[in-house]
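These are the residues of each chain, in order.
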Amino acid sequence: MARVDFYRLTRDPVERVLPAIATRILDAGDRLLIVAAPAMQRQAIDEALWTLTPASFLPHGAAGSPDEAIEPILISGTLDPATPNRARLVALADGEWRDEALGFDRTFLLFDNSRIDDARATWRKLSAAAEVETHFWKQDDRGRWSKGP
């Protein structure tokens, strides 16, 4: 059963949220594919994984690079279920749902208020599917996450 976690970003931008999620994924020994169509967003995520917490660099690389197969975190502009780094977890950092994400064990759909209507439509669609487990997370004013509707 695929799991989809909806993360509504109300306080921090995706490049501040993703490093925390990626850290937990790497600590568990898993690999991650991060997908963002806009090149500028991919660049901001890349920089955040390098510098957001200087004491804990998160090893990563870009799809199409010579070392993509060994990167624990791979950043891509497109979603290919046969990821070169063999990731079973995917973060849709641009807030755009892609049905190919259901081929992964777990998907993180990160979206801000500009994509709320799209996220709601995706929630309704996926919640009705028997083979998908959905979870919703919201951020409070202090940046902490709580499960909720």
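In case you missed it, the structure is sitting above this.
It should be emphasised that the depicted structure is a prediction, and the values quoted were computed from it without experimental measurement.

(A) Structural context of the side chain of Asp-94. Considering the arrangement of structural elements, one finds Asp-94 in the loop between β5 (89-92) and β6 (106-112). Within polar-contact distance, the side chain of Asp-94 engages the side chain of Arg-98 at 2.6 Å. Discounting chain neighbours no more than four positions away, the residues touching Asp-94 are Val-35, Ala-36, Ala-37, Pro-38, Gln-41, Leu-110 and Arg-115.

(B) Examining the pattern of salt bridges more closely. A full pass over the atoms with the stated rule returns 10 salt bridges. Between Asp-12 and Arg-11 there is a salt bridge whose closest N-O contact spans 3.3 Å. Asp-12 sits in the buried class, given a relative accessible area of 16%. Overall, the relative accessible area of 43% leaves Arg-11 in the partly exposed class.

(C) Highlighting the environment of Ile-75. In this fold, Ile-75 is placed in strand β4 (residues 73-76). For the pair Ile-75 and Arg-86, spaced 11 residues apart in sequence, the C-alpha to C-alpha distance is 13 Å. The contact partners of Ile-75, leaving out residues within four places of it in the chain, are Ile-34, Arg-42, Ile-45, Asp-46, Leu-49, His-60, Gly-61, Ala-62 and Ala-63.

(D) Molecular detail of the environment of Phe-6. With respect to the helices, strands and loops of the structure, Phe-6 is situated in strand β1 (residues 2-9). Put simply, Phe-6 and Phe-136 are 130 residues apart on the chain and 4.7 Å apart in space, counted from C-alpha to C-alpha. Dropping the residues within four chain positions of it, Phe-6 is found in contact with Leu-109, Phe-111, Ala-119, Thr-122, Trp-123, Leu-126, Thr-134, His-135, Phe-136 and Trp-137.

(E) Spatial organisation of the packing of aromatic side chains. Scanning the model with the defined rule gives six aromatic pairs in all. Aromatic side chains Tyr-7 and Phe-108 sit 6.1 Å apart centroid to centroid with 45° between the ring planes, which places their arrangement in the tilted category. A residue pair is termed long-range when its members are at least 10 positions apart, and Tyr-7 in strand β1 and Phe-108 in strand β6 qualify at 101 residues. This pair shows no difference in class: Tyr-7 is buried, exactly as Phe-108 is.

(F) The arrangement of the nonpolar core in detail. One finds Ile-34 and Leu-110 to be the most contacted residues of the largest nonpolar core, which totals 23 residues. In terms of residue count, the dominant contributor to this core is helix α1 (residues 14-27) (seven residues). Those residues in contact with Leu-110, other than ones at most four positions away along the chain, are Tyr-7, Leu-9, Val-14, Val-17, Leu-18, Ile-21, Ala-91, Leu-92, Ala-93, Asp-94 and Gly-95.

(G) Spatial organisation of the pairing of strand β7 (residues 132-139). Taken across its eight residues, β7 has six buried, putting it largely inside the fold. Bridge count between β1 and β7: seven bridges; the pairing is parallel. Along β7, the bridge assignment pairs Ala-2 with Val-132. Both β7 and strand β8 (residues 145-147) contribute to a ladder of three bridges, which runs antiparallel. Directly across from Trp-137, in β8, lies its bridge partner Lys-147. The hairpin formed by β7 and β8 contains five residues between the paired strands, and Gly-143 there has a positive phi angle of roughly 90°.

(H) Region of interest: the sheet that holds β7. Read from one edge to the other, the open sheet built from eight strands follows the order β3-β4-β2-β5-β6-β1-β7-β8, with strand pairing classed as mixed. Every other strand in the sheet has two partners, leaving β3 (61-62) and β8 as the edge strands with one partner each. Across seven bridges, the pairing between β1 and β6 is parallel. By the bridge assignment, Arg-8 is partnered in β6 with Phe-111. Its contacts with the sheet place α1 against β1, β2 (32-35), β4, β5, β6, β7 and β8, and it is angled at close to 165° to β6. On the sheet, helix α2 (residues 39-51) packs against β2 and β4 and is oriented at approximately 160° with respect to β4.

Criteria and thresholds
- Residues numbered from 1 in each chain as written.
- Predicted model: local features only at pLDDT ≥ 70, side-chain atom pairs only at ≥ 80, totals over all residues.
- Heavy atoms only, no water.
- Helix = DSSP H or I, 4+ residues; strand = E, 2+ residues; numbered from the N terminus.
- Polar contact = N/O pair within 3.5 Å; in protein donor to acceptor, adjacent residues only side chain to side chain.
- Contact = heavy atoms within 4.5 Å.
- Salt bridge = Lys/Arg side-chain N within 4 Å of Asp/Glu carboxyl O.
- Buried < 20%, exposed > 50% of the residue type's maximum accessible area, 1.4 Å probe, protein only.
- Phe/Tyr/Trp six-rings, centres within 6.5 Å; stacked < 30°, edge-to-face > 60°.
- Core = buried A, V, L, I, M, F, W, Y, C linked by side-chain atoms within 4.5 Å.
- Pairing = 2+ DSSP bridges.
- Axes fitted to C-alpha atoms, helices over the stretch in contact; angles between N-to-C directions.

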